[in-house]
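This is what each chain is made of:
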Amino acid sequence: MKRYSAFAVAREAVRYHQGWERAWASPQPKKRYDVVIVGAGGHGLATAFYLGKNFGITNVAIIEKGWLGGGNTGRNTTIIRSNYLQDPSAAIYEKARSLYETMSQDLNYNVMFSPRGVMMLAQTQSEIRGYERTAHANAYQGVTTEFIGPQRVKELCPIINIDGPRYPVLGALWQARGGTARHDAVAWGYARACSDMGMDIIQKCEVTGVRQNAGKVVGVDTTKGAIDCEKLAIVVAGHSGELAGMAGFRLPMESVALQALVSEPIKPCMDVVVMANTVHGYMSQSDKGEMVIGGGTDGFNNYTQRGSFHHIEETVRALVETFPMISRLKMLRQWGGIVDVTGDRSPVITKTPLGNCFMNGGWGTGGFKSIPGSGWAMAELVAKGEPGPLSAAFGMERFKEGRFIDESVAAGVAH
Ligand code: FAD
Ligand code: PYC
């Protein structure tokens, strides 16, 4: 793989950009792989990348029914933060956030990580108490956050109205090194690096069955034929329940649509990310100038990757008291993705009843930020067959044992 650099851009400029090679190969599937990963979203691709980088396992196929990054990875609003409450969550989200800091260099691909700062507004007394508690917990966990007052909120984000009649801004949980990254670049960067290690990314290939013998997976059936494998990793977000069904077990997860929308592009007016969880809305400004806006999940289970009018109305209505300027904006586009939500709003990175089959899912509304940390932990689980320190608490047996990792507040998005 040729390195991307300022020199390469200059060289290609003088030869009319004829020398760029394809970023990743599109091979036909081989008969057999050491590891088959189902799902070429961020988590599947990151799992493959760290299998290669940390464990030298490169005879890997990543099987994708659509196009890579075309699931939630390419549909999310790209907020990155690690201000969670519980220790296992803080550990994996902070690992992920720290990997984002150097991701562009590690992948030789510009993922446009922008640590512009993320604030979660406190608009009720109970939110003040909750976020102060999180700030204290984060201090013990080595995650840098602070609780700030309303004047500081206004300094950081001048377009905010802190004196709203119903929900005044009383403060915020502020993470200065949280931010955003370009979502599809994350998928593309990992894909390019995986392809360079000799892994096969097979798009437009749906897994339709999980073949088993004596309690172990022997391969998968796909729309491009049967593929054998030593180990299977299922990393399919909103389709986790379906794949688990094919493998013969059930998951404590449900699938719902989460929607987002963007406004027409406007001049730069907001250089932080703001989440207003009491009213169910959040907003940031993209590099193109669009205001990126989202709210809570749909109130019913579904598999549609579409937006709906009621969502625009509800979300904009929720935010307009705090951001009066959005009442004058035209909304441009909306969309939805299918998120996989667990009862405690924490993910599973887990062994399954089938010895050589592993599952990563349940990231729900908040798994873009965790992609590198999750891939790191999942690669360790798949390579060693046992969870490492980052994933030990996230096994699905916790739902039987009552060891919940309750992140219903830190998840930020109403569901
Ligand atoms: P995906 O990217 O969905 O990848 C799974 C892949 O599996 C898909 O490409 C799918 O086609 C494939 N697949 C499914 N079934 C099969 C099959 N049978 N065979 C082969 N392939 C299959 N998170 C944040 O941290 N910050 C945010 O700001 C944020 N905002 C969001 C906003 C919206 C509107 C949405 C929808 C989500 C948001 N999220 C956010 C959540 C985040 O997008 C997801 O948690 C994360 O992208 C999940 O990544 P993934 O790789 O697990 O899933
Ligand atoms: O997890 O930070 C988050 C988030 C914001 C919007 C959707 N998810």
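For the structure, check the block above.
No experiment lies behind these values; they were computed from the predicted model shown.

Draft legend 1. Highlighting the overall build of the chain. Along its length, the chain carries 11 helices and 18 strands. Relative to the 2.2 N^0.38 estimate, which gives 22 Å for 415 residues, the radius of gyration of the chain is 21 Å and therefore close to what a compact globule would have. Along the three orthogonal principal directions, the C-alpha set of the chain runs to about 65 × 65 × 40 Å. The buried share among the 415 residues of the chain stands at 58%. When contacts within the chain are restricted to residue pairs at least 6 apart in sequence, long-range pairs at least 24 apart make up 75% of them. As presented, the chain carries roughly 17,400 Å² of accessible surface, and 53% of it is formed by carbon and sulfur atoms. Looking at charge distribution, the chain has the averaged site of its 43 positive side-chain charges lying 4 Å from that of its 38 negative ones.

Draft legend 2. How the structure looks around the packing of aromatic side chains. In total, this model carries 11 aromatic pairs according to the counting rule given. Here F399 and F404 contribute two aromatic rings whose centre-to-centre distance is 6.0 Å and whose plane-to-plane angle is 45°, an arrangement assigned as tilted. By the ring-pair criterion, three or more aromatic residues cluster together here, those being F49, Y50, Y190 and W376. Across the ring face of W376, the terminal group of K95 is positioned such that the distance to the ring centre comes to 3.7 Å. A cation sits over an aromatic face here: R192 above Y4, 3.5 Å from the ring centre.

Draft legend 3. Geometry of the pattern of salt bridges. Considering all chains together, one arrives at 20 salt bridges under this definition. Between D34 and R32 there is a salt bridge, and its shortest N-O distance comes to 3.1 Å. Taking the relative accessible area as the measure of exposure, R32 reaches 35% and is therefore partly exposed. Across the pair R116 and D287 runs a salt bridge whose closest N-O atoms are separated by 3.7 Å. Of the two residues, R116 is situated in the loop between α4 (103–107) and β4 (118–122) and D287 in the loop between β14 (281–285) and β15 (290–301); the sequence distance between them amounts to 171 residues. When its relative accessible area of 18% is taken as the criterion, R116 is described as buried. For D287, a relative accessible area of 61% gives the class exposed. Within this structure, K31, R211, D221 and D228 form a network of salt bridges that share partners.

Draft legend 4. Expanded view of the sheet that holds strand β13 (residues 273–276). If you trace the eight strands from one edge of the open sheet to the other, you get β5-β6-β4-β13-β14-β15-β12-β16, paired in mixed fashion. Every other strand in the sheet has two partners, leaving β5 (146–148) and β16 (331–342) as the edge strands with one partner each. Pairwise comparison of adjacent strand axes, ignoring direction, gives a mean angle of 25° for this sheet. Looking at chain direction, β14 and β15 are connected through four bridges and run antiparallel. Paired with S284 across the strands is V292, a residue of β15. Helix α5 (residues 125–141) rests against β4, β5 and β6 (171–175) of the sheet, and its axis sits at about 140° to β4.

Draft legend 5. Structural detail: the site of ligand 2. Around ligand 2, the neighbouring residues are T77, I79, R81, M275, Y282, T365, G366, K369, A411 and V413. Between T365 and ligand 2, the recorded distance is 2.7 Å, taken from a backbone N or O atom to a nitrogen atom. In this structure, an oxygen atom belonging to ligand 2 sits 2.5 Å away from a side-chain N or O atom of K369. Protein chains shield 95% of the accessible area of ligand 2, which is 240 Å² for the free molecule.

Draft legend 6. Up close: helix α9 (residues 309–320). If you check α9, its first and last C-alpha atoms are 17 Å apart, about what 12 residues at 1.5 Å a residue would give, namely 16 Å. Those residues of α9 lying buried are H311, I312, T315, V316, A318 and L319. Down the axis of α9, the smallest arc covering the buried residues is 155°, so these residues share one side. Opposite the buried face of α9, at more than 90 degrees from it, the exposed residues are F309, E313 and R317. Where the residues of α9 are buried, they touch β12 (253–265), β13, β14, β15 and β16.

Draft legend 7. The arrangement of the site of ligand 1 in detail. Close to ligand 1 lie 37 residues, the nearest being E64, N72, T73, G367 and K369. In the model, an oxygen atom of ligand 1 is placed 2.8 Å from a nitrogen or oxygen of the N72 main chain. For ligand 1, an oxygen atom lies 3.3 Å from a polar atom in the backbone of G364. Broken down by secondary-structure element, the contributors of at least two residues to the shell around ligand 1 are α2 (42–55), β12 and β16. When residues of the shell around ligand 1 are assigned to their parent elements, the largest contribution, three residues, is made by β12. Of the residues contributing to the shell around ligand 1, the split by class is 15 nonpolar, 17 polar and five charged.

Each value, and the rule that gives it
Residues numbered from 1 in each chain as written. Chains lettered and ligands numbered in written order. Predicted model: local features only at pLDDT ≥ 70, side-chain atom pairs only at ≥ 80, totals over all residues. Heavy atoms only, no water. Helix = DSSP H or I, 4+ residues; strand = E, 2+ residues; numbered from the N terminus. Rg over C-alpha atoms; globule rule 2.2 N^0.38 Å. Buried < 20%, exposed > 50% of the residue type's maximum accessible area, 1.4 Å probe, protein only. Contact = heavy atoms within 4.5 Å. Areas by Shrake-Rupley, 256 points an atom, 1.4 Å probe, with all protein chains shown as cover. Lys, Arg positive; Asp, Glu negative; His and termini not counted. Charge placed at Lys NZ, Arg CZ, Asp CG, Glu CD. Phe/Tyr/Trp six-rings, centres within 6.5 Å; stacked < 30°, edge-to-face > 60°. Lys NZ or Arg CZ within 6 Å of the ring centre and 35° of its normal. Salt bridge = Lys/Arg side-chain N within 4 Å of Asp/Glu carboxyl O. Pairing = 2+ DSSP bridges. Axes fitted to C-alpha atoms, helices over the stretch in contact; angles between N-to-C directions. Near = heavy atom within 4 Å. Polar contact = N/O pair within 3.5 Å; in protein donor to acceptor, adjacent residues only side chain to side chain. Expected span 1.5 Å × (residues − 1). Arc of directions from axis to C-beta. Nonpolar A, V, L, I, M, F, W, Y, C, P; charged D, E, K, R; others polar.

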